[in-house]
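Observations on the three-dimensional arrangement
One letter stands for each residue in the lines below.
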Amino acid sequence: MIVCFDIGGTAIKGALAHSPDDVRPLGRRPTPTNDYAAFVDTLRSVIAEAGERPDCVAISNAGSIDPDTGAIICANIPCINGRRLAADLTADLGVEVLIANDADCFALAEALAGAGRGHHTVFGIILGTGVGGGVVVKGKLINERGGYAGEWGHGPAAPHFAGHPPVAIPAIPCGCGGERCLDPIGSARGMERLHRHLHGTEFTSEQIVSAWQAGEAEASRTIEVFVDILAGPLALIVNLIGADIIPAGGGLSNSEPLLTGLDRSVRAKTLRTFDRPLVVRCECRVEPGLIGAAQLGFTRLQEMAEALPV
């Protein structure tokens, strides 16, 4: 049995996983963001609900793990930021703790239990308040020791011009410190910034998508430029890693017409010819963080079993 957690800046969600297909969510608790001892006690209280010692604890967590130091980078939970969290929690909880980025856990959930089942290389993407992703090859995370693979939202990948006819795309500073990252222009907030830039009006991403689907001209132009901004970098990633399928999650994935348009544009730019959809809606729409954490834990247990002498 594995105890799983999906930890964000607001809430800690727990679950008991008896198998990869049997993940039973528990309640959610507020995240103690500034008190490490309280943070550990919260995890300990969930583990106690299991009624027995788990084989391991697996965590989907906001933030990234530095592959060189094992330190977590997690600005929205200051009490764990900079800690070698897996090692610290293993010592504090008395059981092995595995940690992966939340986008990586989403990708792992889709690869093993969602739209990516049966595919060799899965690139799971998040299109929501941010732009994120994770890479799974033959059922295993590229980032199994931590790292930044799949972080296509960061780096100078946003085009200077996009759309047909082309329009200049502003260089928006990113929270990571870079410029021309996809995150501030390709996210839901980015869509809103783009609409303001193109038309001088304020709409939420939900309003823009709804107006586009109703045939409104300004919203249609925004979506056309928005899709063009994302399609080029996404096609480059497909060419680079040989992704077979791209399950998409996050708030923007709720619009299947938007994903269909993005899929069509990406496939037109890839070297490989796909006669089926490539960018698809994710299937693990309920608690993908917990499902991915469970998959992370059971993969670890399988590796340990295979390492035992016969």
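Look a little higher up for the structure.
This report concerns the structure included in the present document. (Residues numbered from 1 in each chain as written. Predicted model: local features only at pLDDT ≥ 70, side-chain atom pairs only at ≥ 80, totals over all residues. Heavy atoms only, no water.)

Where helix 7 (residues 217–241) meets helix 8 (residues 256–267), the axes come as close as 9 Å, and the angle between the chain directions of the two elements is 50°. It follows that helix 7 is oblique to helix 8 by the angle criterion. Where helix 7 crosses over helix 8, the two elements pack in a sense that is right-handed. In this structure, helix 7 uses I223, V227, L230, A231, L234 and A235 to contact helix 8, whose residues at the interface are L258, G261, L262, S265 and V266. (Axes fitted to C-alpha atoms, helices over the stretch in contact; angles between N-to-C directions. Helix = DSSP H or I, 4+ residues; strand = E, 2+ residues; numbered from the N terminus. Parallel < 35°, antiparallel > 145°, perpendicular 65-115°, else oblique. Left-handed = near helix turned anticlockwise from the far one by under 90°. Contact = heavy atoms within 4.5 Å.)

A word on the sheet that holds strand 9 (residues 131–137). A sheet is described by the order of its strands in space; here five strands give the open sequence 10-9-8-13-14, paired in mixed fashion. Either end of the sheet is taken by a strand with one partner, and the two such strands are strand 10 (140–141) and strand 14 (279–281). Contacts from helix 7 reach strand 8 (121–127), strand 9, strand 13 (246–249) and strand 14, with the element oriented near 160° to strand 8. Contacts between helix 8 and the sheet are confined to strand 8, strand 13 and strand 14, with strand 14 contributing the most and set at about 165° to the helix. (Pairing = 2+ DSSP bridges.)

Turning to the packing of aromatic side chains, a few remarks are in order. Applying the stated criterion across every chain yields a total of two aromatic pairs. Between the aromatic rings of Y36 and F39, the centroid separation amounts to 6.4 Å while the plane-to-plane angle is 20°, which identifies the pairing as stacked. Here Y36 pairs with F39, and both are found in helix 1 (residues 36–49), just three residues apart, close to one helical turn. The pair formed by Y36 and F39 is uniform in burial state, with each residue classed as buried. Look at F123 and W152: their rings are 6.2 Å apart centre to centre, the planes differ by 75°, and that puts the pair in the edge-to-face class. Within this pair, whereas F123 is found in strand 8, its partner W152 is found in the loop between strand 10 and strand 11 (161–162), the two being separated by 29 residues in sequence. There is no split in this pair, since F123 and W152 are both buried. Lying across the ring of Y36, R83 places its NZ or CZ 3.5 Å from the centre. (Phe/Tyr/Trp six-rings, centres within 6.5 Å; stacked < 30°, edge-to-face > 60°. Buried < 20%, exposed > 50% of the residue type's maximum accessible area, 1.4 Å probe, protein only. Lys NZ or Arg CZ within 6 Å of the ring centre and 35° of its normal.)

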